[in-house]
Structures are given as C-alpha cells and as structure tokens.
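# Observations on chain architecture
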Amino acid sequence: HYTFFVPHDIPGYADVAGRDEFAAKLEECFAARHYDPSNEPDIAYAYAFNRLPGHEPRASHWVREVIDTYY
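## A few points about the pattern of salt bridges
Two side chains with opposite charge may pair up if their charged atoms get near one another. Under the criterion given, the structure shown has 4 salt bridges. As a salt-bridge pair, Arg33 and Glu65 come within 3.6 Å of each other at their nearest N and O atoms. Within this pair, whereas Arg33 is found in the loop between helix H2 (19–31) and helix H3 (56–70), its partner Glu65 is found in helix H3, the two being separated by 32 residues in sequence. Of the charged contacts, one joins Asp68 and Arg64 as a salt bridge, the two residues approaching to 3.2 Å between their closest N and O atoms. One end of the pair is Asp68 and the other is Arg64, both in helix H3 and 4 residues apart, which spans about a single turn. On the basis of relative accessible area, Arg64 is assigned to the partly exposed category, the value being 47%.

Below, the structure written as structure tokens:
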C-alpha cells in the first residue's frame, strides 16, 4: 500500500519509476481491487493520475469508481 504514497513528489517518483509504468501499476492497484479506502495511504491514490500528464482521465474514472463502490 505504500508503493504510491509519495504525496510530496508524485511527478518526481513517476519520473524515476517511469511515468507510464507508474500509471500502469497505479491502474493495476485499482483494477485488482488492492485499493482500500480504510488504509490511510490509499485515500488519495485516484488523484495521483492528475499529476501524470496524459493520464488525467483515469483520475475521474477511478474517483467515480471509488465513490460508487465505497461511499
């Protein structure tokens, strides 16, 4: 759950990991149902896509999915 918990520098972390690879792993986290809103580090993961140029539409998709599924 801490793989994506770099709230202070998501773009920097994505640069090191590779932006597309980072986005793919983040997508996998949601698609495989590893996302857990009760686990504090996960709470803002859906918004991380907004910090990855070209991947912003995934943020709105996963935010809506999280709301519909968990809230």
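From this point, the narrative continues.
## Observations concerning the packing of H2 against H3
Close contact between H2 and H3 brings their axes to 11 Å; oriented N to C, the two are set at 20°. As summarised for this structure, H2 and H3 are arranged roughly parallel, according to the angle between their axes. Read as a crossing pair, H2 and H3 show a hand that is left-handed. Taken together, the residues of H3 that come into contact with H2 (itself represented by Ala23, Ala24, Glu27, Phe30 and Ala31) are Arg58, Trp62 and Val66. Here the contact of H2 with H3 is built from residues that sort into 6 nonpolar, no polar and 2 charged.

## Structural notes on the environment of Gly12
Within the fold, Gly12 resides in helix H1 (residues 10–17). Using a relative accessible area of 22% as the deciding quantity, one classes Gly12 as partly exposed.

Scoring rules and cut-offs
Residues numbered from 1 in each chain as written. Predicted model: local features only at pLDDT ≥ 70, side-chain atom pairs only at ≥ 80, totals over all residues. Heavy atoms only, no water. Salt bridge = Lys/Arg side-chain N within 4 Å of Asp/Glu carboxyl O. Helix = DSSP H or I, 4+ residues; strand = E, 2+ residues; numbered from the N terminus. Buried < 20%, exposed > 50% of the residue type's maximum accessible area, 1.4 Å probe, protein only. Axes fitted to C-alpha atoms, helices over the stretch in contact; angles between N-to-C directions. Parallel < 35°, antiparallel > 145°, perpendicular 65-115°, else oblique. Left-handed = near helix turned anticlockwise from the far one by under 90°. Contact = heavy atoms within 4.5 Å. Nonpolar A, V, L, I, M, F, W, Y, C, P; charged D, E, K, R; others polar.

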